[in-house]
2 protein chains.
Amino acid sequence: MLEYIILGLLMEGPMSGYEMKKTIDSSVGLFYRASFGSLYPVLKRLADKGVLSVAEAEGGRNKKEYTLLPAGKEQFVSWLAEPLPVSRNEVLLRIFFYDYLDEDTRQARLSEYENKLESEMRRLQAVQEIVAGELEHIEHPENYFTACPC
Amino acid sequence: MLEYIILGLLMEGPMSGYEMKKTIDSSVGLFYRASFGSLYPVLKRLADKGVLSVAEAEGGRNKKEYTLLPAGKEQFVSWLAEPLPVSRNEVLLRIFFYDYLDEDTRQARLSEYENKLESEMRRLQAVQEIVAGELEHIEHPENYFTACPC
DNA sequence: GACATCATGTAACCAGTTACATGATTAG
DNA sequence: CTAATCATGTAACTGGTTACATGATGTC
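Here is a short report on the structure shown in this document. Since we're looking at a predicted model, the values are computed, not measured.

**Considerations on the interface of chain B and chain A**
And then number 1: Listed as interface residues are 43 residues of chain B and, on the opposing side, 43 residues of chain A.
And then number 2: For the pair chain B and chain A, the summed buried area comes to about 4600 Å², and 68% of that belongs to carbon and sulfur atoms.
And then number 3: Area buried by chain B at its contact with chain A is led by Leu-84, Arg-94 and Tyr-100 of chain B, which between them contribute 19% of it.
And then number 4: At the junction of chain B and chain A, the tally comes to two salt bridges.
And then number 5: Across the pair Arg-94 of chain A and Glu-82 of chain B runs a salt bridge whose closest N-O atoms are separated by 3.5 Å.
And then number 6: At the junction of chain B with chain A, the criterion picks out 11 residue pairs in polar contact (both at pLDDT 80 or more).
And then number 7: Sorting the residues of the side of chain B that touches chain A by element identifies helix H1 (2-10), helix H4 (70-80), helix H5 (90-96) and helix H6 (103-139) of chain B as the ones contributing at least two each.
And then number 8: Per-class residue counts for the side of chain B that touches chain A are 28 nonpolar, six polar and nine charged.

Quick look at the structure:
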């Protein structure tokens, strides 16, 4: 699983392990949690397999930059094209048993969860607006430099 | 996870390991798959912990019947009352990357999945109708024996 | 008598987590 | 100079999977 997420992130360009963790948390964080303890060993394994390459990144810190190799891209796309799997869903599983919960707790848990989903949705919508704005600049390159805050 | 599903199934009454597997497949099968290789060791562990009791079931076969003990019921309900977790969802994860998939494959995978969900929904609706019918008999016990096909 | 199904169990393996260790760089 | 954050990594453990072994019972 994590193997393919890593490949997927690298489709956009090279990245370090630490950056991957941050990107995962802030994008698919609602339905996938990555830990460093799994991340780094997987990166090593993927490098050994030859689907990505490693380079020391500049910056003085012990930072490494991983780059997707053609073999990795191929593997990622063929994974992506597979039929959508029957996937485990702990939330639905609990709700399946909600008959055994008293009405009050049930209501409390469900609205709690609804709130969580709504705040996550707002966060993702904000990201989408930023991305849409960037795309507009790319499509109208004449505005690109004038609008840049740097 | 599986620990709590087992406790949840036993809330309805005693059952064997083999029956649990069948029940899981035909109820929460769409979002949880159990294997015998995990089921039996967990049952043993739960018995050792004292949350359920084991008895040889009649029928000649090497069949065991597991019964929920009060400690198990308590544990199950307090698990159920916990806030709904951030749970992994492989389907959403793949769809997150669907930008990298060509339009045709994407469409194919999505309608494939939609069909799967719809057929599962029909199956569960059929189950619901059966259960609703049974409930009606319990509420009108005068019809209970007359309507029984046996 | 052969084959499907019922029924339990084990061993090798795999993916991931938690907790920890280590050290460099930046911000106040 | 100190605390936060950047950055990588390891070891012990957990919760599962797959594949296999074993044998009983029902069905054609």
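Having seen the structure, we can now continue with the description.
**Considerations on the nonpolar core**
And then number 1: Counting residues in hydrophobic clusters, the biggest one holds 31 residues, and the most contacted among them are Leu-2, Ile-6 and Met-20 of chain B.
And then number 2: Listing elements by their share of this core, those giving two or more residues are helix H5 (90-96) of chain A together with H1, helix H2 (17-26), helix H3 (36-49), strand E2 (64-68) and H4 of chain B.
And then number 3: Non-local contacts of Met-20 of chain B, meaning those with residues more than four positions away in its chain, are made with Ile-6, Leu-9, Leu-10, Met-15, Leu-39, Leu-43 and Tyr-66 of chain B.
And then number 4: The next biggest cluster of nonpolar side chains, apart from the first, holds 30 residues, and it includes Leu-10, Met-15, Tyr-32 and Tyr-66 of chain A.

**Topic: helix H2 (residues 17-26) of chain A**
Residue and element names in this part refer to chain A.
And then number 1: Three or more residues of H2 are buried, namely Gly-17, Met-20, Lys-21 and Ile-24. Angularly, the buried residues of H2 cover 100° about the axis, an arc narrow enough to put them on a single face. Facing away from the buried surface of H2 by more than 90 degrees, the exposed residues are Tyr-18 and Lys-22.
And then number 2: Contacts from the buried residues of H2 go to helix H1 (2-10), helix H3 (36-49) and strand E2 (64-68).

The rules we used
Within every chain, residues take consecutive numbers counted from 1 along the sequence as written. The naming scheme follows written order: chains are lettered A onward, ligands numbered 1 onward. Under the rules for a predicted model, residues below a pLDDT of 70 receive no local features and side-chain atom pairs below 80 are neither given nor counted, while totals for whole chains, interfaces and linings still include all residues. Excluding hydrogens and water, the side-chain figures rest on all heavy atoms present in the structure. By definition, residues are in contact when any of their heavy atoms lie within 4.5 Å. Throughout, the accessible surface (probe 1.4 Å) given up by two parts as they are put together, summed over both, is called the buried area. Here, a salt bridge means any side-chain nitrogen of Lys or Arg that lies within 4 Å of a carboxyl oxygen of Asp or Glu. Two N or O atoms count as a polar contact when they lie within 3.5 Å, although within protein this holds only if one can serve as hydrogen donor and the other as acceptor, and sequence-adjacent residues are included solely when both atoms are side-chain atoms. Helix numbering and strand numbering both begin at the N terminus, where a helix is a DSSP run of H or I of at least 4 residues and a strand a DSSP run of E of at least 2. Ten residues, namely Ala, Val, Leu, Ile, Met, Phe, Trp, Tyr, Cys and Pro, are considered nonpolar, four, namely Asp, Glu, Lys and Arg, are considered charged, and the remaining ones, Gly among them, are considered polar. Think of a nonpolar core as a cluster: buried Ala, Val, Leu, Ile, Met, Phe, Trp, Tyr and Cys residues, connected wherever their side-chain atoms sit within 4.5 Å. Buried means the residue's accessible area, taken with a 1.4 Å probe over protein chains only, is under 20% of the maximum for its type, while exposed means over 50%, and partly exposed covers the values in between. When we speak of the arc, we mean the arc of directions from the helix axis to the C-beta atoms.

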